[in-house]
Amino acid sequence: MLKLFDGAMGTQLQALGIAEKPCPEYASVIAPDDVTGIHETYVAAGADIIETNTFGANRIKLAHFGLEKEVEKIVLASVQAARAACGKDTLVAGAAGPTGRLIQPLGDISFDEVCSAYEEQVKALAKGGVDYILFETIIDIQEMRAAVLAAKAVCDIPIIAQLAFDAGGRTVTGTDAATAAAILEPLGVSVIGANCSLGPEQLLPIIKEMAQATTLPISVQPNAGLPVLENGRTVFPQGPEELALWVPKLVEAGAVFVGGCCGTTPGHIAAMGAALKRCTPAVRAGLPRGVRLASRSQSVWLGQDHPTVLIGERINPTGRKAMAEEIKKGSMVSVKRDALEQVEAGAAVLDINMGVPGIDQKELMEKAVSDLSSIVAVPFSIDSTQPAVIEAGLRYYPGRALINSVSGKDPEPVLALAKKYGAAVIVLPLGEKGLPATVQEKVALAAGIIEKAKAAGLSDNDIVLDALVLTAASDGKAPGETLKTLRLYREQFGYPTTMGLSNVSFGLPRRELVNAAFFLMALDSGLDAPIINPSAKHIKELLAAASVINGKDNQGVRYSEYYAAQAQESAQSDNQVQGDVLAALTKAVLRGEKEQAGELALAARAAGHRVADIATDTLTRAMNEVGERFAAGKAFLPQVLMSAEAMRAAFDALKSAMNENEKLESAGKIMLATVEGDIHDLGKNIVATLMENSGFTVIDLGKDVPAAEIAEAAKREHPDIVGLCALMTTTLGAMEESIKALRNGGYGGGIMVGGAVLTENYAQELKADMYAKDGVAAVKLAKGWREKQ
């Protein structure tokens, strides 16, 4: 059944003059009848679901107003104000927006702190008696994960999860609609969707993509177009009838919950409701057979109907003394290097094992997952025999992971973790008595574990089967039995299959030949996701060729692309001097290896390269390439931030070693501020980080900064550029006032503007010199402005 949400709340509060006393959410306490009145207009317009005035009612945001101890008071007042407007058929969604902070390692707040804040807010919403928990306008999948886990921990109310996407179809931290669905559906949300930032035209392809990637109901709440400035006022240009024209298209794309966000009014909702009554829900196809894993920025399918996936085995200290010693010391240098090299070699999933005796494996698993998820874009397999270590990996991983593995010996704790965190599991056919004697026993053990997995709430889309490879040198029949197991798995279950291939060759000479032969035979027997060293000799070539033969690469398209890429890489390497320290430094920055970048910067200087040349010709060029990758959709904010950290580490190392005749000049001075009335400084903070790491001197005035204060600071500091940020529609007027104050005060430098609600056209109407759609663009624009001066 189709459902109609309400529209914007902030602009309605602003029209009544109660949006800033001291914040929109507090209006429910000081003017509950007015808030109820706004809800009543939406109910009268036909809304089936109204949202509570609790968007920013978490203690992290409320702390800005000194209200962090009044979360429950504000939330209960808001729910009561909403309930007072409802008829018997109107539902109430308890709204919860972002905290405004990025979670570590991208930001400065811990995952658990964000979880705790959401738990407090959701508890109050549940106490008030809402029908849904609605997380909306979330721009980071890790924050959405924290919110959902918090809600599940304190109540069983259905969860609606709405992310905010940019015009390119991704969130600020790089998650596309399909990947969001891959993470959130198994995590246990009831509805998934998109809201804010964009109008209906821009959200339409995102909803289509989402509908193809989930079986869940889909919600959409677009803005009334993209904002423009008219006679000094911010206006969303689409009127009720124009916005309503998009409703049938959104429903046809897959949406069943439709409403409005910024710029929408009761008139818009009435028109959208009339259009919705003439619609019929779209018939959607089911998901493909298989198991889907996801990182923050991409998803990967495992299964017989999908391309073979290589799971990289190298992040495992077992038998690797040097890696084990590094891990004991808390260093992740070799772990990061192996991760990057395996992905470059073709691994589509990385197995992560921190099994070093005598250390806190739980803490190190958390660190490994945190560090690696910021520099590589492939999903992870969390590999441990200890449930506490597995949970550390699952909890802090910003994606959907695979658990390696669960056996027939006490499987319940691991299966419970898979259900809690929405993970998939590798079923290992081992029982209380250890290794099964026959193939039939393997299959029977697997069937028993699968039955327990289903009882724990897992589905067919959560299970991968391990065929359990034994060593050929100790049992000549073992490889053949493993191949039989693969064939029986396919016949009896149809689940994706995996196994650690290299086990087969222990104790034999020329192991790579044995592994390669077994690899091909296993692929023919039904192996879908081998756990292997992707850099091993001939593995990628054999997989590319085998995929043509077994039909997984139709007409050899990927095979041809692979060899074209190989030829290009060979040409590039021929042009690069082997052992060139500057080339190695460039690579370290591109890959976000900050430890390596610092060491290589010093090595470059020791090799006779001038500090200024290292900074300009290597570091700056490397970050320019990162920016180009970001613009092309080949890198995302986490990777950009890690590259920026690597560049900063190189700069810091150079500064520490400079003599009195050397110096690193600042790229320029930039002053940043979020305008008055807006307490969101997430985007500004990202810009500040990237500017600092690109050599700019940054003066950060903070958030909610009055226009006069910005103008006065510009007189005092004489920045080359003033950067102004606004996230909320209601504060765009303050941005215009800030620009006027700067110019009237005699500031003659550059003015850059940015923020989720801004557009290029709007920036021109404000008479800003530059519009930055994101932090990477801001750095590029700032450099260009300086070069022109």
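Residues numbered from 1 in each chain as written. Predicted model: local features only at pLDDT ≥ 70, side-chain atom pairs only at ≥ 80, totals over all residues. Heavy atoms only, no water.

### Structural notes on the environment of Gly393
Move 1: When you line up the elements, Gly393 lands in helix H16 (residues 387–396).
Move 2: In sequence terms Gly393 and Val378 are 15 residues apart; their C-alpha atoms lie 15 Å from each other.
Move 3: Residues in contact with Gly393, not counting those within four places in the same chain, are Met365, Val369 and Ile382. (Helix = DSSP H or I, 4+ residues; strand = E, 2+ residues; numbered from the N terminus. Contact = heavy atoms within 4.5 Å.)

### Quick word on the state of the cysteines
Move 1: As enumerated under the stated definition, the model contains zero disulfides in all.
Move 2: Not part of a disulfide, Cys86 finds its nearest cysteine sulfur in Cys155, a span of 18 Å.
Move 3: Exposure remark for Cys86: the relative accessible area of 18% places this residue in the buried category.
Move 4: Here Cys262 stays free of any disulfide, with the sulfur of Cys196 as its closest cysteine sulfur at 3.7 Å. (Disulfide = S-S within 2.5 Å. Buried < 20%, exposed > 50% of the residue type's maximum accessible area, 1.4 Å probe, protein only.)

### Points about the sheet that holds strand E17 (residues 424–427)
Move 1: Read around the closed barrel, eight strands run E13-E14-E15-E16-E17-E18-E19-E20, paired in parallel fashion. Going across the sheet, the axis of each strand differs from the next one's by a mean of 25 degrees, ignoring polarity.
Move 2: Here three bridges tie strand E16 (residues 402–406) to E17, and the two strands are oriented parallel to one another. Bridge pairing links Ile403 to Val425 in E17.
Move 3: Across the sheet, helix H15 (residues 361–373) is in contact with strand E13 (311–315), strand E14 (349–353) and strand E15 (380–383); its angle to E15 comes to roughly 170 degrees.
Move 4: Those strands touched by helix H18 (residues 439–455) are E16, E17 and strand E18 (463–466), and its axis lies near 160 degrees from that of E18. (Pairing = 2+ DSSP bridges. Axes fitted to C-alpha atoms, helices over the stretch in contact; angles between N-to-C directions.)

### Re the sheet that holds strand E5 (residues 159–163)
Move 1: In space, the eight strands of this open sheet follow the order E1-E10-E7-E6-E5-E4-E3-E2, with parallel pairing throughout. At either margin of the open sheet sits one strand with a lone partner, and together these are strand E1 (3–4) and strand E2 (49–51).

### Digging into the pairing of strand E4 (residues 132–138)
Move 1: Judged by how many residues are buried, E4 sits mostly within the fold: seven of seven residues are covered.
Move 2: In this structure, strand E3 (residues 91–96) lies alongside E4, joined through four bridges in parallel fashion. If you follow Ala96 over to E4, its bridge partner there is Phe135.
Move 3: Regarding the hand of the β-α-β motif, the stretch spanning E3, helix H6 (residues 111–128) and E4 is right-handed.
Move 4: Bridge analysis of E4 against E5 gives four bridges, and the strand direction is parallel. Bridged to Phe135 within E5 is Ala161.
Move 5: In the classification by handedness, the crossover that spans E4, the intervening helix H7 (residues 141–154) and the parallel E5 is right-handed. (Right-handed = clockwise from strand over helix to strand, strands pointing away.)

### Notes on the pattern of salt bridges
For side chains bearing opposite charge, pairing can occur when the charged atoms are close.
Move 1: A full pass over the atoms with the stated rule returns 32 salt bridges.
Move 2: Note that Glu325 and Lys328 form a salt bridge whose closest N and O atoms lie 4.0 Å from each other. Of this pair, Glu325 and Lys328 both sit in helix H13 (residues 321–328), separated by three residues, roughly a single helical turn.
Move 3: Of the charged contacts, one joins Lys336 and Glu595 as a salt bridge, the two residues approaching to 3.1 Å between their closest N and O atoms. Here Lys336, found in helix H14 (residues 333–345), pairs with Glu595, found in helix H24 (residues 594–606); they are 259 residues apart in sequence, far enough to count as distant.
Move 4: Residue Lys336 is classed as buried on the basis of its relative accessible area, which comes to 7%.
Move 5: What makes Glu595 partly exposed here is its relative accessible area of 29%.
Move 6: If you follow the salt bridges from partner to partner, you end up with Glu344, Arg591 and Glu593 in one network. (Salt bridge = Lys/Arg side-chain N within 4 Å of Asp/Glu carboxyl O.)

### Remarks on the nonpolar core
Move 1: Grouped together as the largest cluster of nonpolar side chains are 228 residues, with contacts concentrated most on Phe135, Leu184, Met354 and Met691.
Move 2: The element contributing the most residues to this core is helix H26 (residues 637–657), with 10 residues.
Move 3: Among all residues touching Met691, those that are not within four sequence positions of it are Ile670, Phe696, Val698, Met752, Ala778, Val779 and Ala782.
Move 4: Counting 27 residues, the second-largest nonpolar core is a separate cluster that includes Ile710, Ile751, Val753 and Leu766. (Core = buried A, V, L, I, M, F, W, Y, C linked by side-chain atoms within 4.5 Å.)

### Here we look at the packing of aromatic side chains
Move 1: This structure, assessed with the given rule, holds seven aromatic pairs.
Move 2: Relative to Phe257, the ring of Tyr132 has its centre 6.3 Å away and its plane inclined at 90 degrees; by these criteria the two rings are edge-to-face. Here the residue Tyr132 occupies a position in strand E4, and Phe257 occupies one in strand E10 (residues 255–258), the gap between them amounting to 125 residues.
Move 3: Aromatic pair Tyr489 and Phe493: ring centres 6.1 Å apart, planes at 55 degrees, arrangement tilted.
Move 4: Take Tyr489: its relative accessible area is 0%, and that puts it in the buried class.
Move 5: Grouped by ring-pair contacts, the aromatic residues Phe5, Tyr132 and Phe257 constitute a single cluster.
Move 6: The ring of Trp246 carries Lys249 above its face, with NZ or CZ at 4.2 Å from the centroid. (Phe/Tyr/Trp six-rings, centres within 6.5 Å; stacked < 30°, edge-to-face > 60°. Lys NZ or Arg CZ within 6 Å of the ring centre and 35° of its normal.)

### Considering H14
One full turn of an α-helix is made of 3.6 residues, so residues set three or four places apart face in the same direction.
Move 1: The terminal C-alpha atoms of H14 lie 18 Å apart, and with 13 residues this matches the ideal 18 Å at 1.5 Å per residue to within 8%.
Move 2: For H14, the set of buried residues is Val333, Ser334, Val335, Lys336, Asp338, Ala339, Leu340, Gln342 and Ala345.
Move 3: Directly beyond the C-terminal end of H14, a positive phi value near 120 degrees is found at Gly346. (Expected span 1.5 Å × (residues − 1).)

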